Amino acid sequence: MMRHDLPEGNWRKSSYSADTHGQCIEYQPVGAHSIAVGDSKNRAKGAFVFPVTSWTAFVEAAKAGEFHQ
């Protein structure tokens, strides 16, 4: 699902993001069961919203190196 009406002050930058001069993915909780993920440089595009369980599984897989280029 895509959302465009999220509060500006609730965005958080990942602790894994280095100093990327504003080019990062940010996230914010949406209710008790969802996470919104958006582009910090273009919030007008909106944010994708995922169930917390799906987002957590993705982050854990990324930490474990399960995604190879």
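What counts and how
- Residues numbered from 1 in each chain as written.
- Predicted model: local features only at pLDDT ≥ 70, side-chain atom pairs only at ≥ 80, totals over all residues.
- Heavy atoms only, no water.
- Helix = DSSP H or I, 4+ residues; strand = E, 2+ residues; numbered from the N terminus.
- Buried < 20%, exposed > 50% of the residue type's maximum accessible area, 1.4 Å probe, protein only.
- Areas by Shrake-Rupley, 256 points an atom, 1.4 Å probe, with all protein chains shown as cover.
- Core = buried A, V, L, I, M, F, W, Y, C linked by side-chain atoms within 4.5 Å.
- Contact = heavy atoms within 4.5 Å.
- Polar contact = N/O pair within 3.5 Å; in protein donor to acceptor, adjacent residues only side chain to side chain.
- Pairing = 2+ DSSP bridges.
- Axes fitted to C-alpha atoms, helices over the stretch in contact; angles between N-to-C directions.

Chemist: Quick rundown of the overall build of the protein? Include the residues and the values.
Modeler: Helices and strands together make up the secondary structure of the protein, namely one helix and five strands. Secondary structure elements in the protein, listed N-terminal to C-terminal, are β-β-β-β-β-α. Across the 69 residues in the protein, those meeting the buried criterion constitute 22%. Here the protein has roughly 5,100 Å² of accessible surface; of this, 56% comes from carbon and sulfur atoms.

Chemist: Any details on the nonpolar core? Residues and values, ideally.
Modeler: Within the largest apolar cluster, six residues are counted, these being Leu6, Trp11, Val30, Ala36, Ala47 and Val49. Setting aside chain neighbours within four positions, we find Ala36 in contact with Leu6, Trp11, Glu26, Tyr27, Gln28, Val30, Ala47, Phe48 and Val49.

Chemist: Give me the lowdown on the side chain of Gln28, citing residues and values where you can.
Modeler: Here Gln28 lies in strand E3 (residues 25-30). Residue Gln28 is classed as buried on the basis of its relative accessible area of 1%. Reaching out from Gln28, the side chain makes a polar contact with the backbone oxygen of Pro7 at a distance of 3.1 Å. Non-local contacts of Gln28, meaning those with residues more than four positions away in its chain, are made with Leu6, Pro7, Asn10, Trp11, Ser34, Ile35 and Ala36.

Chemist: Which residues make up the sheet that holds strand E5 (residues 47-51), and what values do they have?
Modeler: Taken in spatial order, the five strands of this open sheet run E1-E5-E4-E3-E2, and their pairing is antiparallel. Whereas interior strands pair on both sides, the edge strands pair on one side only; in this sheet they are strand E1 (2-3) and strand E2 (12-13). For E1 and E5, the ladder comprises two bridges, and the chain directions are antiparallel. Across the sheet, Arg3 pairs through a bridge with Ala47, a residue of E5. Together, strand E4 (34-39) and E5 form the strand contacts of helix H1 (residues 52-63), whose direction differs from that of E5 by roughly 95°.

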